[in-house]
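Structural description and commentary
Listed below are the residues making up each chain.
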Amino acid sequence: MSPGEYTKWAYEYWYGKLFDTSAFRTKWRPGDFLVVDTCDTTTPAIGSMDSMIWAASGIRGVLTNGGTRDTDEVLLQRAMPVWSRWIVQPMYQGRVEWGGDSMPVVIGGQRIDPRDLIVADGDGAIVVPVEVIDDVLKYAVQESENDKRARAMLFAELGLPADDSTRSHFDVPPHPYAITPDRLRSMISARRTASASADAPSER
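Everything in this summary refers to the structure shown in the same document. Nothing here was measured: the structure is a model prediction, and the numbers come from that model. (Residues numbered from 1 in each chain as written. Predicted model: local features only at pLDDT ≥ 70, side-chain atom pairs only at ≥ 80, totals over all residues. Heavy atoms only, no water.)

As defined by bridge partners, strand 9 (residues 117–121) adjoins strand 10 (residues 124–128) across five bridges and the pair is classed as antiparallel. Among the inter-strand pairings, Asp121 is bridged to a residue of strand 10, identified as Gly124. The antiparallel pairing of strand 9 with strand 10 creates a hairpin that spans two residues between the two strands. (Pairing = 2+ DSSP bridges. Helix = DSSP H or I, 4+ residues; strand = E, 2+ residues; numbered from the N terminus.)

The following block contains the structure:
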């Protein structure tokens, strides 16, 4: 195709028919997290323009078993956090077609259903099935708050200034196995003693 023919094909046929997501976009709600299944192919699932459009629509993040392209721009924009299997260069046109939305998919061997909760950070992403979200949140908050209390004590021990990772965010009952200042000091003392014993010269 000539450049003009390709442009017409890409915008009228591919974007207009093979990858028409207009109906899906009407279902987005602020706070939604998109999960895109490209069937584990090295095709792009998101680029810099997508990331900005989706962010402006209220989408919080994207998880895909496909690729991210325009990663320099995506990182610079900081508009949309993306978790992808690959970083890729190719364009979408001619490589993928729209297969549908709001259906179960499998990412990294894990089934993900609509309304499941996605939790993603620098370590990766997990899915929480919708039927156990309340139980998982209760346990996660309990563990997080306990960890923050322990971190606050360790920051003080190490002379580090307190930061957001040491501040409580939820008013929840104490952890059933909450670490106490005395227990923490005992743990530190035991490790110091063990370390000193390991460094001591042995007698012959």
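Before going further, it helps to spend a moment on the sheet that holds strand 1 (residues 33–36). One open sheet accounts for three strands, arranged 1-3-5; its pairing is parallel. If you trace the sheet from one side to the other, it starts and ends with strand 1 and strand 5 (82–83), each paired once. As judged from the four bridges shared by strand 1 and strand 3 (residues 61–64), these two strands associate in the parallel manner. Its bridge partner lying in strand 3, Leu34 is registered against Val62.

What follows is about the environment of His175. With respect to the helices, strands and loops of the structure, His175 is situated in the loop between helix 5 (133–158) and helix 6 (181–199). As a C-alpha pair, His175 and Glu145 span 30 residues in sequence and 8.1 Å in three-dimensional space. Those residues in contact with His175 that sit more than four places away from it in its chain are Gln142, Glu143 and Asn146. A polar contact of 2.5 Å, which involves the side chain of His175, links it to the side chain of Glu143. (Contact = heavy atoms within 4.5 Å. Polar contact = N/O pair within 3.5 Å; in protein donor to acceptor, adjacent residues only side chain to side chain.)

This model, assessed by the stated rule, comprises six salt bridges. Put simply, Asp40 and Arg85 hold a salt bridge, and the shortest N to O gap is 2.9 Å. Residue Asp40 is found in the loop between strand 1 and strand 2 (44–46), and its partner Arg85 is found in the loop between strand 5 and strand 6 (86–87); the two are separated by 45 residues along the sequence. Residue Arg69 pairs with Asp70 through a salt bridge whose shortest N-O separation is 3.1 Å. A relative accessible area of 13% means that Arg69 is categorised as buried. (Salt bridge = Lys/Arg side-chain N within 4 Å of Asp/Glu carboxyl O. Buried < 20%, exposed > 50% of the residue type's maximum accessible area, 1.4 Å probe, protein only.)

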